[in-house]
Amino acid sequence: MPRKIQLSKTRPSQVRPVSVAAINRAPIHPGSLLSTADLSVDDLCSLLQLADVLEVEDPLRRDKRLLKRRISLLFYESSTRTRTSFELAAKALGADTSLVSAQSSSIEKGESLKDTGITLRSLGAECIILRSPFSGAPYLLAETTGLPILNAGDGMHEHPSQALLDLRTILNHLKSGPKVTEKTLAGVTVTICGDIFHSRVARSNALLLPQLGVRVILCGPPPLLPEAATRLVSGIEIERNFDRALAQSDVVMMLRIQAERLAGLSLDLEEYKTRYQANVERIASYAPKALIMHPGPIIRGLEITSEVADGPQSAIADQVRNGVAIRMALILRALTPTESANRKSGVKVGKRDS
Amino acid sequence: MPRKIQLSKTRPSQVRPVSVAAINRAPIHPGSLLSTADLSVDDLCSLLQLADVLEVEDPLRRDKRLLKRRISLLFYESSTRTRTSFELAAKALGADTSLVSAQSSSIEKGESLKDTGITLRSLGAECIILRSPFSGAPYLLAETTGLPILNAGDGMHEHPSQALLDLRTILNHLKSGPKVTEKTLAGVTVTICGDIFHSRVARSNALLLPQLGVRVILCGPPPLLPEAATRLVSGIEIERNFDRALAQSDVVMMLRIQAERLAGLSLDLEEYKTRYQANVERIASYAPKALIMHPGPIIRGLEITSEVADGPQSAIADQVRNGVAIRMALILRALTPTESANRKSGVKVGKRDS
Amino acid sequence: MPRKIQLSKTRPSQVRPVSVAAINRAPIHPGSLLSTADLSVDDLCSLLQLADVLEVEDPLRRDKRLLKRRISLLFYESSTRTRTSFELAAKALGADTSLVSAQSSSIEKGESLKDTGITLRSLGAECIILRSPFSGAPYLLAETTGLPILNAGDGMHEHPSQALLDLRTILNHLKSGPKVTEKTLAGVTVTICGDIFHSRVARSNALLLPQLGVRVILCGPPPLLPEAATRLVSGIEIERNFDRALAQSDVVMMLRIQAERLAGLSLDLEEYKTRYQANVERIASYAPKALIMHPGPIIRGLEITSEVADGPQSAIADQVRNGVAIRMALILRALTPTESANRKSGVKVGKRDS
């Protein structure tokens, strides 16, 4: 008898427990990546090492790794960088990809996510990369198809591949190799600033980074950063004053501000810019050596100025570049069981040197 | 001097004669599949055998069959399963595909089907897979381009690759091999239930299955199933009572109900469900061993319940799987003349053992 | 400090000087093609020879030329023929392509062209093919990414690959080989008829053809062809009477009439057809041997009749075919520095026999 999963656009913190409790079908495939919370430090180590290997591998050799394997991209929201990044990563490994987007599919005809997933599996998909406006949707897809699912962003819940590429960007910046431990980033402070409340990127990073010792500061005005956010991960801090946060930070992650959301929250855009914009004066005064990150797309002149986005401290282009390497690793891990051995809840077989 | 083809969204039964009479340009390429009525039993045999071979062939070897050949998908209607199925089938054979959809093309600018076809041919397309809202459109495209055209659904007329995958699903279920004859399915009764009037799937199956001995029963209320439907193929039957139809059936094909069409027909949805929904009680009572099929996308809780769609009698996922195999065979046949030898109206060369 | 480029939909003739003056970032990559004005006769020679080689090359060998190289198509306007033509050309050379279109991307979220370009470069794109409604956009993209950019049509400015394929069509028709000189087309008269004002195709051809000795006549009513057009290239002529223009022409290029634009100009459609339509009577009377061209999509019965479009003088299908060959040459030149040696402003290395 089929059970319903409660898909929600509201409180992200409740999503996972509810969805897991409510469903009991196929076990989640160990090649899946649904949340950064599922990754152990050993997993991170394996993925980062694999990304290093794949990034510099000869393209013609890399092309043979997943030659003619089938990967589906199921995108219910539009996306340039994430979709293209996953697509290029899959093709770099030799896989055939097929894109199903909300614009041109039976999704329009009201077909359920479950049925679309089963259809893609029957069509031969060996892995589905899903972007959905619904928090928790990747769990439903994983449990109804039994396939490895890569979460490419689900509602206000998570965007784990983004957090991984952010991690790789930070490690590269610190000249730290892929063999991470619980203490690799001890002493490193990362401030995430902006619309924390709506951000799956913030959430995924806040779950991931502390595992390697990072001190995470969340920054933003109350409407975009409720006090309850500290309950997300133990030890997480809130600092409302951006200048004070910057003064303590080695890394600053700026989040995109979507004007239409601010409007609903009766938040003044000019005041927001005055208090929270990453501009040259502020960065020079309070964080002249910090790495400046942004998941993109950026709104120049709003949360970040062009001078900062294009300046020497900016790692925005590096983040995109790291995305392809991380996603090659994720896709290879999804389709090759031995790569997925080092997982928290998986059987430990053929563990890598880490 | 150019002649006009009459494109129609109305009475499918008149489409082919009119279009054939009205046009006299290039002959239809023998690698085309426009209607199931064009397929002889020998053709079916060849296609089913080819599908068997291709389905289990080593992917790297299969990739060489049509390496770098060019196949265009021209989709004037949105579609997930049919488009992806054809696309994956073409890529599995090594072909390069290019998708032209109504959403992002000169179709918007009012270019005619004829001109789009000639353009695609000039661009190097060796085969065009067409989905169109207009009954008869594939004939126009075949006759103006001279290319092999695969009909991926045209208005209310036909959807021949769907009928072929349905046939393969039935044969597999009955453990019957691909070497079919006029009597292979003698004694088998198939009920097609639902919106027969608007369904190209129903039409293609009703034309195809009797060729192998199937007894076809059409089922549905008068607005969705006019009496005239019996004139489609001699010997076809109408049974308004779904329970009585089920009691005689080895296979049941449920069709999707589109609520907006029912509204126009002043047909009560609740009454429809009461009388025609495939649910556990009804199936258990009247057809506990029948194979339950559906071309998808399904509307759970309307024409079929989740219990039946996901239950042990359901062949829905098998249908999708068979689609890729059948479409590989169709594409290979379209591009390799020897594969298309065994056609009703073609020259018989290199006939396969059948 | 970033500078602004003035993107414009208005006066094409002012676009390039302004944009070049206003920006001073990365030098334009020599593999780019932004305007036909950048091509020397030597460049044309190289490109035409390369197109000849690639067109007849064995597909499996051609596939190795750019195997696994990455090419992005960035289309802010919908397009069938140009997009598919570039896409097939890239795939024929073995490259992996990724399409970013306005329909399904961060473009919707207001991301700037500059940021989209930087993102694509970071994702690994080695060349970007751009179609944009903004005249001058390819310059901005070239200067902010440093990548080779191929202009696939920018506003009312240029469409250089179209002019090159038109040139190849004319040369083939005249049985002239690819080793062109300043005099190859001396004595050849080409009339371009229709909405010259809005046409990037007209502009690119008017800049290109005179370089090889062509006499260009522009034809159309004043609202679609202002007197100022003669200032575009020295020696260009205007002839308002289509019949008189035809009587002098070896080649006639018809342009698409977009009814909605005519409406705005209070121009009578019936009168336009009477005076400027390419129909059998007119062509037979005044240009019975001229080559009839059209960049497509054509509007049958408006600027051209079906009899002419499908008749023996029509080169419309040839134009499309030549497009793939020309675009293979352009893409190969963009990605292989030695191929781009023979450029007007580039370093002359490995110059071809021309």
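Please read these numbers as outputs of a predicted model, since none were measured by experiment.

Conventions we followed
- Residues numbered from 1 in each chain as written.
- Chains lettered and ligands numbered in written order.
- Predicted model: local features only at pLDDT ≥ 70, side-chain atom pairs only at ≥ 80, totals over all residues.
- Heavy atoms only, no water.
- Least-squares fit on C-alpha atoms with pLDDT ≥ 70 in both.
- Contact = heavy atoms within 4.5 Å.
- Helix = DSSP H or I, 4+ residues; strand = E, 2+ residues; numbered from the N terminus.
- Buried area = accessible area lost by both parts, 1.4 Å probe.
- Salt bridge = Lys/Arg side-chain N within 4 Å of Asp/Glu carboxyl O.
- Polar contact = N/O pair within 3.5 Å; in protein donor to acceptor, adjacent residues only side chain to side chain.
- Nonpolar A, V, L, I, M, F, W, Y, C, P; charged D, E, K, R; others polar.
- Domains from an automatic or database assignment.
- Phe/Tyr/Trp six-rings, centres within 6.5 Å; stacked < 30°, edge-to-face > 60°.
- Lys NZ or Arg CZ within 6 Å of the ring centre and 35° of its normal.
- Buried < 20%, exposed > 50% of the residue type's maximum accessible area, 1.4 Å probe, protein only.
- Pairing = 2+ DSSP bridges.
- Right-handed = clockwise from strand over helix to strand, strands pointing away.

Student: Requested: an account of the relation of the copies chain A and chain B, with residues and values cited.
Tutor: For the pair chain A and chain B, the best superposition has an RMSD of 0.0 Å and corresponds to a rotation of 120 degrees with a translation of 0.1 Å parallel to the axis. Those values place the two copies in the arrangement expected of a three-fold rotation axis. When the interface residues of chain A are mapped onto chain B, a mere 4% of them again lie at the interface, so each copy presents a different face.

Student: Which residues make up the environment of C193 of chain A, and what are the values?
Tutor: Mapped onto the secondary structure, C193 of chain A falls in strand 5 (residues 189-193). Residues in contact with C193 of chain A, not counting those within four places in the same chain, are C219, F242, M253, M254, L255 and Y276 of chain A.

Student: Before we move on, can you summarise the interface of chain C and chain B with the specific residues and values?
Tutor: Across the boundary between the two partners, chain C contributes 30 residues, which contact 24 residues of chain B. Carbon and sulfur atoms supply 53% of the area buried between chain C and chain B, which totals about 2,400 Å² over both sides. The three residues of chain C that bury the most area against chain B are S78, T80 and L88 of chain C, which together make up 23% of that side's buried surface. Counting across the chain C and chain B interface gives three salt bridges. With its nearest N and O atoms 2.8 Å apart, the salt bridge here joins K68 of chain B to D63 of chain C. Counting the contacts that link chain C with chain B gives eight residue pairs in polar contact (both at pLDDT 80 or more). If you list the elements that add at least two residues to the side of chain C that touches chain B, you get helix 3 (59-62), helix 4 (81-92), helix 13 (306-309) and helix 14 (316-335) of chain C. Element by element, the count of residues in the side of chain C that touches chain B is highest for helix 4 of chain C, at eight residues. Each residue belonging to the side of chain C that touches chain B can be placed in one class, and the counts come to 10 nonpolar, eight polar and 12 charged.

Student: Which residues make up the domain arrangement of chain A, and what values do they have?
Tutor: Residues and elements named next belong to chain A. Under the domain assignment, chain A is made up of domain 1 (8-159 + 323-337) and domain 2 (161-318). For domain 1 versus domain 2, the distance between C-alpha centres works out to 25 Å. Taken together, the contact between domain 1 and domain 2 spans 35 residues of the former and 26 residues of the latter. Area buried by domain 1 at its contact with domain 2 is led by V41, L48 and H159, which between them contribute 24% of it. The interface formed by domain 1 and domain 2 holds three salt bridges in total. The salt bridge involving E77 is made with R200; its shortest N-O contact spans 3.1 Å. Our count for the contact surface shared by domain 1 and domain 2 stands at 13 residue pairs in polar contact (both at pLDDT 80 or more). At the level of secondary structure, the elements contributing two or more residues to the side of domain 1 that touches domain 2 comprise helix 2 (41-56), helix 4 (81-92), strand 3 (127-132), strand 4 (149-154) and helix 14 (316-335). Here the side of domain 1 that touches domain 2 takes nine residues from helix 2, the largest share from any one element. Across the side of domain 1 that touches domain 2, the residue classes break down as 14 nonpolar, 12 polar and nine charged.

Student: Go over the packing of aromatic side chains, please, and point to the residues and values.
Tutor: Centre-to-centre distance and the angle between the planes together describe a pair of aromatic rings. All names here are of chain A. Using the criterion set out here, one finds six aromatic pairs over all chains in the structure. Counting every residue linked through ring pairs, the aromatic cluster contains F242, Y272 and Y276. Here R327 stacks its cationic end above the ring of F86, 4.9 Å away from the centre of that ring.

Student: Tell me about the side chain of S132 of chain C, and name the residues and values.
Tutor: Residues and elements named next belong to chain C. Take S132: it is sitting in strand 3 (residues 127-132). With a relative accessible area of 4%, S132 lands in the buried category. Here the side chain of S132 touches F134 through a polar contact of 2.9 Å, landing on its backbone nitrogen. With sequence-adjacent residues up to four places away left out, S132 is seen in contact with Y76, E77, A137, G153, D154, G155 and R200.

Student: Talk me through the pattern of salt bridges; I want residue IDs and the actual numbers.
Tutor: A complete count under the given rule lists 57 salt bridges over all chains for this structure. Measuring nitrogen to oxygen at the nearest pair gives 3.1 Å for the salt bridge that ties K68 of chain B to D96 of chain B. In this pair, K68 of chain B sits in the loop between helix 3 (59-62) and strand 1 (70-75) while D96 of chain B sits in strand 2 (residues 96-101), placing the two residues 28 residues apart along the sequence. A relative accessible area of 13% places D96 of chain B in the buried class. In the salt-bridge network here, residues are joined through shared partners; they are K114 and D115 of chain A together with R300 and D310 of chain B.

Student: Help me get a handle on the pairing of strand 6 (residues 215-219) of chain B, residues and values and all.
Tutor: Residues and elements named next belong to chain B. When you tally the buried positions in strand 6, you get four out of five residues, the bulk of the element. Pairing geometry for strand 5 (residues 189-193) and strand 6, over five bridges, is parallel. Each residue of the ladder has a partner; that of T189, found in strand 6, is R215. This β-α-β element, strand 5 to helix 8 (residues 200-208) to strand 6, shows right-handed connectivity.

Student: Describe the interface of chain A and chain B, with residues and values.
Tutor: Opposite the 25 residues of chain A that make contact, chain B presents 30 residues. Counting the surface lost from both chain A and chain B, the interface buries some 2,300 Å², and carbon and sulfur atoms represent 54% of this. Between chain A and chain B we count three salt bridges in total. Put simply, the parts of the chain that give the side of chain A that touches chain B at least two residues each are strand 2 (96-101) and helix 5 (113-122) of chain A.

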